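Descriptive structure summary
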Amino acid sequence: MAYTEEELKKELESKEYAYGFYTDIESDTFPIGLNEDIVRAISKRKNEPNWMTEWRLEAYQSWTEMEEPDWANVDYPKPDFQAISYYSAPKTAPKYNSLDEVDPELLDTFKRLGISIDEQKKLAGVAVDIVMDSVSVATTFKETLAEKGIIFCSISEAIKEYPNLVRKYIGTVVPRKDNYYAALNSAVFSDGSFCYIPKGVRCPMELSTYFRINQAGTGQFERTLVIADEGSYVSYLEGCTAPARDENQLHAAVVELVAHDHAEIKYSTVQNWYPGDADGKGGVFNFVTKRGICHRSAKISWTQVETGSAVTWKYPSCILKGDDSIGEFYSIAVTNNRQQADTGTKMVHLGKRTKSTIISKGISAGTSQNSYRGLVKISPRADEARNFSQCDSLLMGNKCGAHTFPYIEVGNKSAQIEHEATTSKIGEDQIFYCNQRGIDTEKAIALIVNGFSKDVLNKLPMEFAVEAQKLLEISLEGSVG
Amino acid sequence: MDLQEKLVASYMAQTSSTEDLSAIAKIRSSAIETFEQQGFPTKKMEEWKYTPLNKLVKTDYTVFPKKTKNLTLDDVQPYILHDVDTYKIVFVDGVYSAFLSETTHEGMDVCLMSAALSQPKYRKVIETYFDTATDSEDSFTALNTAFGREGAFIHIPKKKVVEKPIQIIHFSTGVNQNLMLQPRNLIVADQQAEVQIIERHQSLSDTEVFTNVVTEIFTHKGAQVDYYKIQNDHEEASLVDSTYIVQQKHSHAKVHTFSFGSRFVRNNLHFYHKDEAIQSTMKGITLVEGKQLVDHHTLVHHAHPNSESHQEYKGIYDGQATGVFNGKIVVEQEAQKTNAFQQNNNILMSDKATINTKPQLEIFADDVRCTHGCTIGQLDETALFYLQTRGIPQKEARALLTYAFANNVLASVTIPAVKMRINALIAKKLGVNLGFNL
């Protein structure tokens, strides 16, 4: 037996974080701490209009009145909000007209991240917006998109250039007072991506954002707003990495999606923040609020591959407001060492004949804890709503834990809800079956793990699926497929 | 004075007039402290998120019933299983009724909690078991621990197979306005003992009754306890039923809960595994309408290897009824080779009915097989149509399908008389007469 489950487990546990480098770029970092002046200063630094500053200050006010929630099944030292710098930007040339002007060191960073901008430009045709330490540093393919009327830029640019759009939609899906971290984000968000697809336009390429925390002692608070107008379609990708540091870094993002009538938004995330070392030292706290609203016959599909972060706390949700709207959630969450993940989704059915699908796959190894927490809510008016949920957990090793907390609230008799969950390890009988068909154990495990995650991997765009498989940290080179 | 204050004050008054074993007195005083500190649960607590207690705890209940009414056999006839010979422990307004009961001390003890608490020969058993299985942080349980002085005490010795079922029945007559009852049951099945128990709470008038019952069950090595709860009380009745089961090696505990009546029912059913190779079964049928609320909270704590738990709850909700199901399965790291199964199926018959369900798994061991399934849906329209084409009227056809839906739970009932009684109750609830017994 060349490759046993034990070895696989070991490899899983010992696999080091490949993105843990730090790029030495001079950056402009605010002093640590948070108060009204800092909020004003961030707003001023970004040359924001008055209404935005006020909006932030109101959010800050409500944040000070809120308490940090502790209901999630995660255990971590509470971040000290006065010990974080709320703004950090690479100092060199704030805006680039072409890639040639970009700091070579920055370009090098992107290369190491595996997102060579040139290459992407030539090959895949993926438009990328790159956010480093909270500030958008490069957006590619802007012109090509502009021809179609698609706006794809950083949110700070959008606040300046398209204030009406931003003002109309920001905070409508995730209100400022929604939760503790959403309020914090609303007060101090420094950048993020903004995307608007006009009526009836099918976005010709995948839009993509890369986030990276580079500077020490900073938190990253980005804000993404995607608006798909009537009958439009967009596929949006998001990836994230951070350097390996001993202290914990805070990442509190807000993502808002608006899908108007008949529109479709596909939002994929490959989250690979630094997970901390094998002893649980360092790593990113990932506290994210993601939510989308579906109008009539619209569709929002969340796909996420969660491999990083010391603590993950996120629930990409769909509010199915319009009749016949559809929400989907596909997730793979891998935790190992001392990682903790409490993730899942909320599907709120308000419209008639709304449908939702939830497929969640959790893989826990090492001494990690992996929880699925989800809510399916059928309001009394949502006639003939349909939901299918499946949460499967795979345990590798006897020191890890897998938990499911599905909440199902139904107030309409015509609803059809199915929920099923299983927890198991890789079955000896499964391996035995493969063995007796002439497939060795190495290949068998590869097949089984791959099959376990297939439902979700299939939902990812091609380029991402490849990366995601890599990121699953189950290096099954030569044996996958 | 709200109910909480009243209860605490009543406790103080009561302790001065009664004599307890010192050990028990200590348990009680710490329990009332817990209750005083915690008060009644609120909706802010995760375990009570969907179960509002407002109305229940705002009513002024009589804590110590003064009056009793003599009941004749005719009054209680419909509520006692007669078609099978049984032992009976019957209480009327919280007081033991020797006339209606049939207890025994021959080869085993089927008697009263009050007797067990006061007679020296039971001291050892009481000290070993009383309040050792409960969740002391649960405020309803703490309240019962402080007040509960009467109930059933059943002790089955080693290898004794009890030849007939035991019925525990609590009647309330309505002579006391707004009565609050706190029965306390203790059941100990020693090694390889086998026993079947049927528990029922029944009010005979339309006055408000609030029953807060706690049952502790201990199943020793290889013992089998088969427990049936028939909850079919009046509309003004409320019930909080907490059952704690501690299991030893090779034991098998089965609890069937049939919830048809009462305005408010909350079931807390906890299984704790203390050794290997244990089987736990819990099943339930809930069939409610009007403004009824039925809440099932179950917990199976798998702490040792090679054990099994099997859970199946079926719910049918009509009118403005509310259903809550929270099934928690915890599998500790040592509990390898655990096989835990949980199934919760629900049918909503009306637009105003609500169901909130949360099947929850917390698993720390890797070599386990844990599954849960949960569905919410309707009766199959095509099956309904098929039956109608065969000349079965719609109402009867619906009833037949409802039976079929609930049948898995009924199938494992081992006392035929109970099965027939449940069948009759379902038929009555659905307003049909199928003319045959399933």
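Below is a short write-up of the structure. (Residues numbered from 1 in each chain as written. Chains lettered and ligands numbered in written order. Predicted model: local features only at pLDDT ≥ 70, side-chain atom pairs only at ≥ 80, totals over all residues.)

Points about the overall build of chain B
When helices and strands are tallied, chain B shows 10 helices and 20 strands. Relative to the 2.2 N^0.38 estimate, which gives 22 Å for 438 residues, the radius of gyration of chain B is 21 Å and therefore close to what a compact globule would have. Projected onto the principal axes, the alpha-carbon positions of chain B cover approximately 70 × 55 × 45 Å. Relative to its full complement of 438 residues, chain B shows a buried share of 49%. (Helix = DSSP H or I, 4+ residues; strand = E, 2+ residues; numbered from the N terminus. Rg over C-alpha atoms; globule rule 2.2 N^0.38 Å. Buried ≥ 20, exposed ≤ 12 C-beta atoms within 10 Å, placed from the backbone.)

Concerning the overall build of chain A
Helices and strands together make up the secondary structure of chain A, namely 12 helices and 24 strands. Out of the 481 residues in chain A, the part that is buried amounts to 54%. Sequence separation of 24 or more characterises 83% of the internal contacts of chain A that already satisfy a separation of 6 or more. (Contact = placed C-beta atoms within 7 Å.)

Comments concerning the interface of chain B and chain A
Contact residues are listed per partner, giving 31 residues for chain B and 31 residues for chain A. If one sorts the elements of the side of chain B that touches chain A by residue count, strand 19 (residues 354-363) of chain B sits on top with 10 residues. As judged from the 7 bridges shared by strand 24 (residues 416-424) of chain A and strand 20 (residues 369-377) of chain B, these two strands associate in the antiparallel manner. For Glu418 of chain A, the partnering residue across the bridge sits in strand 20 of chain B and is Thr375 of chain B. (Pairing = 2+ DSSP bridges.)

Here we look at the packing of helix 2 (residues 22-38) of chain B against helix 7 (residues 139-147) of chain B
All names here are of chain B. Taken N-terminus to C-terminus, the directions of helix 2 and helix 7 make an angle of 140 degrees; their axes are 8 Å apart at the nearest point. You can see that helix 2 and helix 7 cross each other, and the crossing is left-handed. Contacts between helix 2 and helix 7 involve Ile27, Arg28, Ala31, Ile32, Thr34, Phe35 and Gln38 from the former and Ser139, Ala142, Leu143, Thr145 and Ala146 from the latter. Among the residues forming the contact of helix 2 with helix 7, the class breakdown is 7 nonpolar, 4 polar and 1 charged. (Axes fitted to C-alpha atoms, helices over the stretch in contact; angles between N-to-C directions. Left-handed = near helix turned anticlockwise from the far one by under 90°. Nonpolar A, V, L, I, M, F, W, Y, C, P; charged D, E, K, R; others polar.)

Re the environment of Tyr96 of chain B
All names here are of chain B. By secondary structure assignment, the location of Tyr96 is in strand 2 (residues 95-96). With 197 residues separating them in the primary sequence, Tyr96 and Leu293 have C-alpha atoms 29 Å apart. Contact partners of Tyr96, with chain neighbours within four places excluded, come to Phe91, Ser101, Leu112 and Glu150.

What to know about the pairing of strand 5 (residues 166-172) of chain B
All names here are of chain B. Taken across its 7 residues, strand 5 has 7 buried, putting it largely inside the fold. Going residue by residue along strand 5, you find Ile166, Ile168, His170 and Ser172 tucked away on one face and Gln167, Ile169 and Phe171 tucked away on the opposite face as well. Across 6 bridges, strand 1 (residues 87-92) lies against strand 5 in parallel orientation. Note that in strand 5 the partner of Tyr87 across the bridge is Ile166. Note: strand 5 against strand 8 (residues 194-203), 7 bridges, orientation parallel. In the strand pairing of strand 8, Ile166 is matched with Ile197.

Quick notes on unusual backbone geometry
Residue and element names in this part refer to chain B. The phi dihedral of His250 falls on the positive side, at around 55 degrees, and the residue is not glycine. Topologically, His250 is positioned in the loop between strand 11 (237-247) and strand 12 (252-259). The phi dihedral of Asn306 is positive, around 60 degrees, even though this residue is not glycine. Within the secondary structure, Asn306 sits in the loop between strand 15 (293-302) and strand 16 (308-317).

Concerning helix 7 of chain B
Where burial is concerned, most of helix 7 of chain B is hidden: 9 out of the 9 residues are buried. Considered for burial, the residues of helix 7 of chain B that qualify are Ser139, Phe140, Thr141, Ala142, Leu143, Asn144, Thr145, Ala146 and Phe147 of chain B.

A short note on helix 2 of chain B
At 3.6 residues per turn, the α-helix brings residues three or four places apart onto the same side. Residue and element names in this part refer to chain B. Taking 1.5 Å per residue, 17 residues should reach 24 Å; helix 2 reaches 24 Å between its end C-alpha atoms and fits that length. Of the residues making up helix 2, those classed as buried are Ile27, Arg28, Ala31, Ile32 and Phe35. All buried residues of helix 2 fall inside an arc of 130 degrees around its axis, so they share one side. Exposed residues lying more than 90 degrees from the buried face of helix 2 are Ser22, Lys26 and Gln37. Taken from the residues just after helix 2, Gly39 is the one with a positive phi, measuring 65 degrees. (Expected span 1.5 Å × (residues − 1). Arc of directions from axis to C-beta.)

With respect to the packing of helix 9 (residues 394-411) of chain B against helix 10 (residues 416-430) of chain B
All names here are of chain B. For the pair helix 9 and helix 10, interaxial distance at closest approach is 11 Å and the crossing angle is 150 degrees. By the angle between their directions, the pair helix 9 and helix 10 is classed as roughly antiparallel. Helix 10 is crossed by helix 9, and the crossing has right-handed handedness. In this structure, helix 9 contributes Ala399, Thr402, Tyr403 and Leu410 to the contact, and helix 10 contributes Lys419, Ile422, Ile426, Ala427 and Leu430. Class assignment for the residues of the contact of helix 9 with helix 10 results in 7 nonpolar, 1 polar and 1 charged. (Parallel < 35°, antiparallel > 145°, perpendicular 65-115°, else oblique.)

With respect to the nonpolar core
The biggest cluster of nonpolar side chains holds 212 residues, and the ones touching the most others in it are Cys195, Ala259 and Ile265 of chain A. Once residues lying within four places of it in the same chain are set aside, the contact partners of Cys195 of chain A are Ile151, Phe152, Leu207, Val226, Ile227, Val234 and Tyr236 of chain A. (Core = buried A, V, L, I, M, F, W, Y, C linked by C-beta atoms within 7 Å.)

A short note on the pairing of strand 20 (residues 355-364) of chain A
Residues and elements named next belong to chain A. The buried fraction of strand 20 is high, at 8 of 10 residues. Both strand 17 (residues 326-335) and strand 20 contribute to a ladder of 10 bridges, which runs parallel. Note that in strand 20 the partner of Ile326 across the bridge is Lys355. Here strand 20 pairs with strand 22 (residues 386-395) via 10 bridges, running parallel. Note that in strand 22 the partner of Ile363 across the bridge is Leu394.

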